[in-house]
Amino acid sequence: MKYRVLGRTGLKVSEVGFGAWAIGGNAYGNSYGPTDDEESKKALLKAAGLGCNFIDTADVYGYGHSEELLGEALNGVGEEVFIATKVGGNFYSGSTVMDFSTKYIRYAVDQSLLRLKRDYIDLYQLHNPTLEMIIDGEVFNVMDDLKQEGKIRFYGVSIFKPEEGIAAIKTDKPDALQVVYNIFSQAPAGELFPIAKEHDIAIIAREPLGNGFLSGKYKEDSTFVTGDIRTNFPPQYRSALVKYTNALRFLEREGRRTMAQAALGFVLGNDAVSVVIPGAKTEEQVEDNLKASDEEPLTSEELEKIRAVLAGP
C-alpha cells in the first residue's frame with residue numbers, strides 16, 4: 001500500500017481508502033443494495049489489516065448504521081485508522097432533511113462520536129451544502145468551534161460541482177474537498193484540482209468506480225433491487241454506462257489487473273488526489289480495491305485510448 005499526505009492536515013493516508021456508504025445497508029434506500037453486517041465488519045478489518053487507514057462514511061448512511069458498524073469493527077484500533085464522516089442530512093425524524101444549522105451540527109457530531117466509539121473525528125465534512133451556503137461561510141463557524149473543542153481534528157466539504165469546491169477554497173476554511181471523480185466524470189481535474197493543489201487542499205475522490213459500473217460486473221439488462229440508488233437511473237443511462245465500460249475493457253490484464261483496479265488507477269494517476277474511496281461490502285472487494293495501489297500507473301497510450309472511447313465515434 002502506498003501512502004499520500006492529506007493536504008495541509010499532514011495526515012499520512014493510504015491512497016486507496018474504504019468508502020463505507022454501501023455497508024450502511026438499503027433499509028432506507030439511497031444505497032447499494034442488501035448487506036450482511038458480519039461480512040461488512042470483516043471487510044473493514046480486512047482493509048485495516050492490509051494497510052488501509054482511511055475510512056469515509058456519513059451519519060446518514062443507513063441512518064447511522066454505517067457509523068455503528070465502524071464503531072463495532074474498529075473499536076480498539078485507536079488512532080491507527082483515520083475516520084472521516086459527514087453531517088448535513090438530518091434523518092432523526094425518519095426522513096432526510098438537509099440541515100446545516102449550528103444546533104443540528106452540534107447535536108449530530110455528538111451522535112456520530114457515540115456511534116463511532118471515538119473521542120474525536122479525524123475529518124468532519126459538510127455533506128453537500130449549497131454554493132450559496134459555502135460562499136456565505138457562516139456554516140464554517142461551528143466547524144471551527146468543534147475543532148477548538150477537540151471534537152474534530154480537521155474539516156472539509158463534500159461537493160457536487162467544481163465551482164462549489166473553488167468557492168470553498170476561496171474561504172480558506174476547509175482542509176479537504178470530497179468530489180466525484182472517475183473515468184466518466186473528469187470535470188474536477190480541469191480547474192478545481194490545480195487550485196486545490198496550489199492551496200494544499202486535500203482531494204478525496206468518491207465514486208471512482210462510477211456507481212459500480214466501472215467494475216465491469218454489469219450487463220445492459222442488469223437490474224437492481226429496491227433500495228439501490230441505481231434503480232433510479234434511467235435505463236438508457238445504465239445501458240450507456242455498461243457500453244462505455246465494455247469499450248474500456250482493453251484496460252484489463254488477465255490475472256494481473258481487473259477493470260476496477262484500472263478505474264482506480266486512473267483516479268490515482270492525478271497527483272492532486274490524496275485518497276480514493278471505492279466502496280466495498282466484502283473482503284474480496286476490499287482485496288481487489290486495495291491491490292490497485294500496487295499496480296503500475298496507466299500508460300499514456302491507455303489514457304489516450306480512454307479519451308478516444310469517451311469522445312465516441
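For the structure itself, look to the data block above.
What you see is a predicted model, and the numbers here were worked out from it, not measured in a lab. (Residues numbered from 1 in each chain as written. Predicted model: local features only at pLDDT ≥ 70, side-chain atom pairs only at ≥ 80, totals over all residues. Heavy atoms only, no water.)

1. Regarding the overall build of the protein
When helices and strands are tallied, the protein shows 11 helices and 12 strands. A globule of 313 residues ought to have a C-alpha radius of gyration of about 20 Å, and the protein, at 19 Å, matches this closely. Taken along the three principal axes of its C-alpha coordinates, the protein extends 55 × 40 × 35 Å. A buried classification covers 55% of the 313 residues belonging to the protein. Sequence separation of at least 24 residues holds for 74% of the intrachain contacts in the protein that already meet a minimum separation of 6. As displayed, the protein has an accessible area near 13,800 Å², and 50% of this comes from carbon and sulfur atoms. With 34 positive and 46 negative side-chain charges, the protein shows a spacing of 3 Å between the two charge centroids. (Helix = DSSP H or I, 4+ residues; strand = E, 2+ residues; numbered from the N terminus. Rg over C-alpha atoms; globule rule 2.2 N^0.38 Å. Buried < 20%, exposed > 50% of the residue type's maximum accessible area, 1.4 Å probe, protein only. Contact = heavy atoms within 4.5 Å. Areas by Shrake-Rupley, 256 points an atom, 1.4 Å probe, with all protein chains shown as cover. Lys, Arg positive; Asp, Glu negative; His and termini not counted. Charge placed at Lys NZ, Arg CZ, Asp CG, Glu CD.)

2. Notes on the packing of helix α2 (residues 65-74) against helix α3 (residues 102-116)
Between α2 and α3, whose axes approach to 7 Å, the crossing angle comes to 40°. As far as their axial angle goes, α3 and α2 are oblique. Two secondary-structure elements touch here, α2 through E67, E68, L70 and G71 and α3 through S112, R115 and L116. Of the residues in the contact of α2 with α3, the class split is 2 nonpolar, 2 polar and 3 charged. (Axes fitted to C-alpha atoms, helices over the stretch in contact; angles between N-to-C directions. Parallel < 35°, antiparallel > 145°, perpendicular 65-115°, else oblique. Nonpolar A, V, L, I, M, F, W, Y, C, P; charged D, E, K, R; others polar.)

3. A closer look at the side chain of N90
By secondary structure assignment, the location of N90 is in strand β6 (residues 89-90). Here D99 takes part through its side chain, which lies 3.4 Å from a polar atom of the side chain of N90. Excluding residues that lie within four positions of it along the chain, N90 makes contacts with S95, T96, V97, D99 and Y104. (Polar contact = N/O pair within 3.5 Å; in protein donor to acceptor, adjacent residues only side chain to side chain.)

4. Section: the nonpolar core
Residues F18, I55, L70, I105, Y124 and L126 are the most contacted members of the largest nonpolar core, which totals 88 residues. Residue contributions to this core peak at 8 residues, all from helix α9 (residues 259-268). The residues touching I105, leaving out its near neighbours within four places in the chain, are V87, F100, Y124, L126, V139, V142, M143 and L146. Of all hydrophobic cores here, the second largest spans 13 residues; its members include V13, A84, A202 and I204. (Core = buried A, V, L, I, M, F, W, Y, C linked by side-chain atoms within 4.5 Å.)

5. Remarks on the side chain of Q178
Note on placement: Q178 falls in strand β10 (residues 176-180). Side chain to side chain, Q178 and D56 meet in a polar contact 3.0 Å long. Excluding residues that lie within four positions of it along the chain, Q178 makes contacts with D56, K86, Q125, V157, S158, I159, I204, R206 and I277.

6. A few points about the pattern of salt bridges
Any two side chains of opposite charge can pair if their charged atoms end up close together. What the rule picks out here adds up to 21 salt bridges. Across the pair K41 and E38 runs a salt bridge, and its minimum N-O distance is 3.2 Å. Of this pair, K41 and E38 both sit in helix α1 (residues 37-49), 3 residues apart, roughly one helical turn. By sharing partners, the salt bridges in this structure join R8, K147, D172 and D175 into a single network. (Salt bridge = Lys/Arg side-chain N within 4 Å of Asp/Glu carboxyl O.)

7. What to know about unusual backbone geometry
Within the chain, K117 stands out as a residue other than glycine whose phi angle is a positive 55°. When you line up the elements, K117 lands in the loop between α3 and β8 (121-127). Among the residues examined, K117 registers a relative accessible area of 47% and is labelled partly exposed. Phi at E207 takes a positive value of approximately 50°, unusual for a residue other than glycine. With respect to the helices, strands and loops of the structure, E207 is situated in the loop between β11 (202-206) and α8 (235-247).

8. Some remarks on the packing of aromatic side chains
Summed over the entire model, instances satisfying the criterion amount to 16 aromatic pairs. Aromatic side chains W21 and Y61 sit 5.6 Å apart centroid to centroid with 15° between the ring planes, which places their arrangement in the stacked category. Here Y61 lies in the loop between β4 (54-56) and α2 and W21 lies in the loop between β3 (18-19) and α1, a separation of 40 residues in the sequence. As far as burial versus exposure is concerned, W21 and Y61 are alike and both buried. On the numbers, 4.2 Å between centres and 25° between planes, the contact of F91 with Y92 is stacked. Take F91: its relative accessible area is 5%, and that puts it in the buried class. Here a set of aromatic residues connected by ring pairs shows up, and it is made of Y28, Y63, F91, Y92, Y104 and Y107. (Phe/Tyr/Trp six-rings, centres within 6.5 Å; stacked < 30°, edge-to-face > 60°.)

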